[in-house]
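Inside the fold
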Amino acid sequence: MDDDQFRQLLDDFNFSWAGYRKVRKGVKKRISRHMQELNCPNIKAYLDLLNKSAELRQECEKRMTVSISRFFRDRQLWHDLEEDILPSMIEREKKTLRIWSAGCARGEEVYSFKIVWDRLNKKYEQLPEIEIAATDMHPDYIEKARAGIYAKSSMKEVPPEVREHYFDIKKKGSRFDIKAAFKKGIDWKVQDIFSNPPGSAFDIIFLRNNLLTYYKEHLKIEGLKRVIKALAPDGWLIVGSHEKLPAEVLNMQRHNSIPWAYRQDV
Ligand SMILES: C[S@@+](CC[C@H](N)C(=O)[O-])C[C@H]1O[C@@H](n2cnc3c(N)ncnc32)[C@H](O)[C@@H]1O
């Protein structure tokens, strides 16, 4: 499949070209395989089929999805969450903190948060209650997230002592199962970012490496407006370290050391 054909496919799904630069080769391979399985000789025949069958379209969308993640991705973020953002929330003595991971893939981001929260639990006498919602559009990622079983590739940024404390290490060190105690209290849901959020007044929303990387501008703005509405007035929206908010939603202030964390300008 050449770049022009791939672009036709992206356009059909309202995905942007930019987000696919790094991962284009792998995604093209998966799509070419799907085309072969369906005996489609060219992209036109493939698009015709996709537009007739919701099921095939869903399968294609799944093959276009990039779900790579890892624990503590963007290290500085996790450091500042633990040392600054969460402590200042705790000091405000809110009864409950509400967290949403939107587009959580297989859950690495969610369990990274749980690990940080557990460490804070050891530092503070009393912590607020925590409510965590984690959503992804793909049911099997949510199932995998619930299971909490990871390969080495997800663990690159996890120091040995953290691996030992929070994971059961199996298969000669090639499989890492999050310990059962840390799986509690997460509300996993299959849900699209463009549908209603799983709650409101969130203190932190993680929206990383999905909407702002893979979708076209008008959809980014539509999705973002929905997500921002679900933030508490002093809540943080955290995007990926390589992502930027579009100019249309720039009435947000940035965190002083993590420029990809935003708060509403009040
Ligand atoms: C690259 S992963 C990012 C995972 C994690 N947030 C991180 O930054 O490591 C992107 C995830 O976003 C999900 N996603 C993409 N578009 C979505 C949408 N419209 N609604 C819900 N989830 C979506 C994908 O299914 C995929 O699991």
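See the structure printed just above.
To start, this report covers the structure provided alongside it. (Residues numbered from 1 in each chain as written. Predicted model: local features only at pLDDT ≥ 70, side-chain atom pairs only at ≥ 80, totals over all residues. Heavy atoms only, no water.)

1. Observations regarding the overall build of the protein chain
Within the protein chain, the regular secondary structure consists of ten helices and ten strands. Relative to the 2.2 N^0.38 estimate, which gives 18 Å for 266 residues, the radius of gyration of the protein chain is 20 Å and therefore close to what a compact globule would have. Taking the principal axes of the C-alpha coordinates as reference, the protein chain spans close to 65 × 50 × 25 Å. Of all 266 residues assigned to the protein chain, the portion counted as buried reaches 50%. (Helix = DSSP H or I, 4+ residues; strand = E, 2+ residues; numbered from the N terminus. Rg over C-alpha atoms; globule rule 2.2 N^0.38 Å. Buried < 20%, exposed > 50% of the residue type's maximum accessible area, 1.4 Å probe, protein only.)

2. Let's talk about the site of the ligand
Among the 21 residues in the neighbourhood of the ligand, the closest are listed as Ser69, Arg73, Asp136, Ile193 and Asn209. In the model, an oxygen atom of the ligand is placed 2.7 Å from a nitrogen or oxygen of the Asp136 side chain. One of the backbone nitrogen or oxygen atoms of Met137 is found 3.3 Å away from a nitrogen atom of the ligand. Computed on the free molecule, the ligand has an accessible area of 600 Å², of which 97% lies beneath the protein chains in the complex. Considered class by class, the residues forming the shell around the ligand number eight nonpolar, eight polar and five charged. (Near = heavy atom within 4 Å. Polar contact = N/O pair within 3.5 Å; in protein donor to acceptor, adjacent residues only side chain to side chain. Areas by Shrake-Rupley, 256 points an atom, 1.4 Å probe, with all protein chains shown as cover. Nonpolar A, V, L, I, M, F, W, Y, C, P; charged D, E, K, R; others polar.)

3. Quick notes on the sheet that holds strand β10 (residues 261-264)
Spatially, the seven strands line up as an open sheet ordered β6-β2-β1-β7-β8-β10-β9, and their pairing is mixed. The open sheet has two edge strands with one neighbour each: β6 (186-190) and β9 (252-254). Neighbour-to-neighbour, the strand axes of this sheet turn through a mean angle of 20°, independent of strand direction. Contacting β1 (96-102), β2 (129-136), β6 and β7 (202-207), helix α6 (residues 108-123) crosses the sheet at an angle of about 165° to β2. The sheet contacts of helix α7 (residues 139-147) involve β2 and β6, and relative to β6 the element is tilted by about 160°. (Pairing = 2+ DSSP bridges. Axes fitted to C-alpha atoms, helices over the stretch in contact; angles between N-to-C directions. Contact = heavy atoms within 4.5 Å.)

4. What about the environment of Asn39?
Along the chain, the position of Asn39 falls in the loop between α2 (24-37) and α3 (43-50). The exposure class of Asn39 is exposed, given its relative accessible area of 68%. For the pair formed by Asn39 and Ala230, sequence separation is 191 residues and the distance between their alpha carbons is 44 Å.

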